[in-house]
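Observations on the model geometry
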Amino acid sequence: MTLVKFWSDPACFWSWRTGRWLVAAAEQRTFDIDWRPFSLKVLYGAEMNPDWAAMLGASHAALRVGEALRDAGRPADAADFYTAVGTAAHDNGEGFTEDLVRQASKSTGVEDAFDAFHDPRWDAQIKAETHAAIASAGPDVGSPVIEFPDAPRGIHGPVFETIPPTGNAGELYDAITTLAKTSYFYEVKRGRPS
């Protein structure tokens, strides 16, 4: 089975939209998604906006739970957990807090991994994965990063204004992978509406 690497921070709503598109595309183009951590807390470091500190701290700790599940050979559980976290935060508008992550772990049956939320031993792995994503698509990238098989480098994005219609997921995947697999492709960008 083809494996597509997807690095993302669960607090990032742009990443949420991309992830939902990728899940639909995976069903239409028969590939698996390798959910990997991208920590915006690691990316911003000391330059982080103080208004984001609590949210990105909780999101980074949620990545610890996801890494504990991945390390235990439970990638499907990690995917379900990230879906529950994103649904609560981005679809239901709940604040990104420890309680949100705890509830997501309970609702997906992975509460046995929740202790990782407070366990900093996962931080080195999360930092390494974040830097792996930047090395693949960077510099000057953020969450999300996707690395397609047979592509010379990863890409940042794609960034969607809304989650694309499910019926278009496979076609978008074909278009994006065609670009990503082209060795001389560099960037496509459109200014965001104000």
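Above this text sits the structure in question.
Residues numbered from 1 in each chain as written. Predicted model: local features only at pLDDT ≥ 70, side-chain atom pairs only at ≥ 80, totals over all residues. Heavy atoms only, no water.

1. Section: the overall build of the chain
When you go through the chain residue by residue, the secondary structure sums to seven helices and four strands. In the chain, the succession of helices and strands from N to C terminus is β-α-β-α-α-α-α-α-β-β-α. Expressed as a percentage of the 194 residues in the chain, the buried residues total 46%. Of the contacts formed within the chain by residues at least 6 apart in sequence, a portion of 70% connects residues at least 24 apart. Roughly 10100 Å² of accessible area belongs to the chain as shown, and the carbon and sulfur atoms make up 51% of that amount. Of the charged side chains in the chain, 18 are positive and 27 negative, and the gap between their average positions amounts to 3 Å. (Helix = DSSP H or I, 4+ residues; strand = E, 2+ residues; numbered from the N terminus. Buried < 20%, exposed > 50% of the residue type's maximum accessible area, 1.4 Å probe, protein only. Contact = heavy atoms within 4.5 Å. Areas by Shrake-Rupley, 256 points an atom, 1.4 Å probe, with all protein chains shown as cover. Lys, Arg positive; Asp, Glu negative; His and termini not counted. Charge placed at Lys NZ, Arg CZ, Asp CG, Glu CD.)

2. Some words on the sheet that holds strand 4 (residues 155–156)
Taken together, four strands build an open sheet; the order of strands is 2-1-3-4 and the sheet is mixed. Unpaired on one side and paired on the other, strand 2 (31–37) and strand 4 mark the two borders of the sheet. Sheet topology places strand 3 (residues 145–147) next to strand 4; two bridges connect them, and they run antiparallel. Looking at the pairing, valine 145 lines up with histidine 156 of strand 4. Each of strand 1 (2–8), strand 2 and strand 3 is contacted by helix 1 (residues 13–29), which is oriented at about 155° to strand 2, the strand it contacts most. (Pairing = 2+ DSSP bridges. Axes fitted to C-alpha atoms, helices over the stretch in contact; angles between N-to-C directions.)

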